[in-house]
Amino acid sequence: MICSARLGFPSRFLTYRRNLSTACMDDVLFEVKNDVGIITLNRPKALNALNTSMVVKIKPKLKEYESLVRMVIVQGAGGKAFCAGGDVKSITENGVGAKSLELSTNFFRNEYSMDSTVGKYKIPYVSLIDGITMGGGVGISVHGKYRVATEKTLFAMPETAIGLFCDVGASHVLSRMDKHLGVMLGLTGCRLKGTDVAKAGVATHYVHSSKIDGLRAKLIEDVRDPGIVLAENTDDLSGVEFTMAPFVEKIDSIFCHERVEDIVDALRTDGSEWAKGMLKSLSEVSPTGLKITRKEILKGKTLSLDECFRMEHRLAYRCSEAKYSADFYEGVRALLIDKDKNPKWCPASLEEVKDEIIDKYFEPLPSDKELQLS
């Protein structure tokens, strides 16, 4: 527990801590209870998808809490989702152009900066990822020290389906998963549920959703190290098998290839029903998104988390700029705006996506456009 008096805070800060009450900010709520900062993502009708308003509010509050409380808990409102991703519809619905580039650049810059803050947090950070946890929801949780999943947790990084790439620090996380599991998850958008989320390392702890309210209360009431509280009040999964265990060796031998074309060829050679399912998933998403994602995961393995964010910011800028491909806009249109689920990818095949074009996505931006992290 942090002793404020020893830290030398002026009396106005001590009064602030004692009297701080819930601050309703519509799309995100902030509260302090027993020296625990509680952040609630509060867009349940939108499955708590992050928008610019939310990420702009959350980062400074995280900075504030870091020196004022002993722990932070992040949760989602509504019972269905922790956070289903980023609200990309709002930043692309104007179509390709300067306005969309400005909106998307502002959103991604603030989102990645917020996620970087989580990754460097100096006090315990607990994410209660009860429900849908995708994209931006992964970014605001997976870089923190503790992540608690339930049987309702549904994890995925489905960005290639909207013509984007796995971002929010996924190049760091997916590249460090065993047996090239992260490559498979990133390329296909394959979903993990319940205990599998913990078995894959996305969650650090698991508990039934009926106990999540009690767990939250114990974390708030018990001033001991939250690692101890979590260990005492979550399930032992040592006897639970990862449902993907029968496919782990196949995943490792197939998704180890550095070129997406070689992964596709290996799946075709395998010919099993599992491989056919993987091929179907890959055939439906953006070829450009696939190649960017494979390369970023390959590069991310040797980069720090902040270096990954800087790399991903360059990729996000160029996907939003649509200089080489407008797949991001087309994917959002097809899946989230018109909802015809029939995106027209351009280029339309892996063979048409030239390596030299993919390389350009990774090149540094002008200095005034590079991501600045603190």
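Draft legend 1. Molecular detail of empty space enclosed by the protein. A complete count under the given rule lists three cavities of 30 Å³ or more for this structure. Along the walls of the largest cavity sit V138, V142, F155, M157, D167, V168, G169, A170, V173, L174, M177 and V202, which together make up its complete lining. In terms of residue class, the lining of the largest cavity is made up of ten nonpolar, one polar and one charged.

Draft legend 2. How the structure looks around unusual backbone geometry. Following C346, the chain continues into P347 via a peptide bond in cis, with omega recorded as 0°. Mapped onto the elements of the fold, P347 is located in the loop between α17 (327–337) and α18 (355–361). Here K179, not a glycine, exhibits a phi torsion of approximately 60°, which is positive. Here K179 shows up in the loop between α7 (170–173) and α8 (181–188). A relative accessible area of 37% places K179 in the partly exposed class.

Draft legend 3. Up close: the packing of aromatic side chains. Taken as a whole and assessed by the stated rule, the structure comprises eight aromatic pairs. With centroids separated by 5.8 Å and ring planes inclined at 35°, the aromatic side chains of F108 and Y112 adopt a geometry described as tilted. Of this pair, F108 and Y112 both sit in helix α5 (residues 98–119), four residues apart, roughly one helical turn. Y112 shares its class with F108; the two are buried. Within the aromatic cluster, the residues linked to one another by ring pairs are F107, F108, Y112, F309, F328 and Y329. It is K61 that lies over the ring of F30; its NZ or CZ is 5.2 Å from the centre.

Draft legend 4. Representation of helix α14 (residues 273–284) within the structure. With twelve residues, α14 should reach 16 Å at 1.5 Å per residue; the first-to-last C-alpha distance of 17 Å fits that figure. Looking only at α14, the buried set comprises W274, A275, M278, L279 and L282. Buried residues of α14 fall within an arc of 135° about the axis and therefore sit on the same side. The outward face of α14, more than 90 degrees from its buried face, is lined by the exposed residues E273, K280 and S283.

Reading the values: rules and limits
- Residues numbered from 1 in each chain as written.
- Predicted model: local features only at pLDDT ≥ 70, side-chain atom pairs only at ≥ 80, totals over all residues.
- Heavy atoms only, no water.
- 1 Å grid on protein atoms, 1.4 Å probe; cavity = no way out; pocket = protein on both sides within 12 Å on 5 of 7 lines; lining within 4 Å.
- Points joined across faces, edges and corners; volume = space filled by probe spheres on them.
- Nonpolar A, V, L, I, M, F, W, Y, C, P; charged D, E, K, R; others polar.
- Helix = DSSP H or I, 4+ residues; strand = E, 2+ residues; numbered from the N terminus.
- Buried < 20%, exposed > 50% of the residue type's maximum accessible area, 1.4 Å probe, protein only.
- Phe/Tyr/Trp six-rings, centres within 6.5 Å; stacked < 30°, edge-to-face > 60°.
- Lys NZ or Arg CZ within 6 Å of the ring centre and 35° of its normal.
- Expected span 1.5 Å × (residues − 1).
- Arc of directions from axis to C-beta.

These results come straight from atomic positions and should not be treated as a statement about function.
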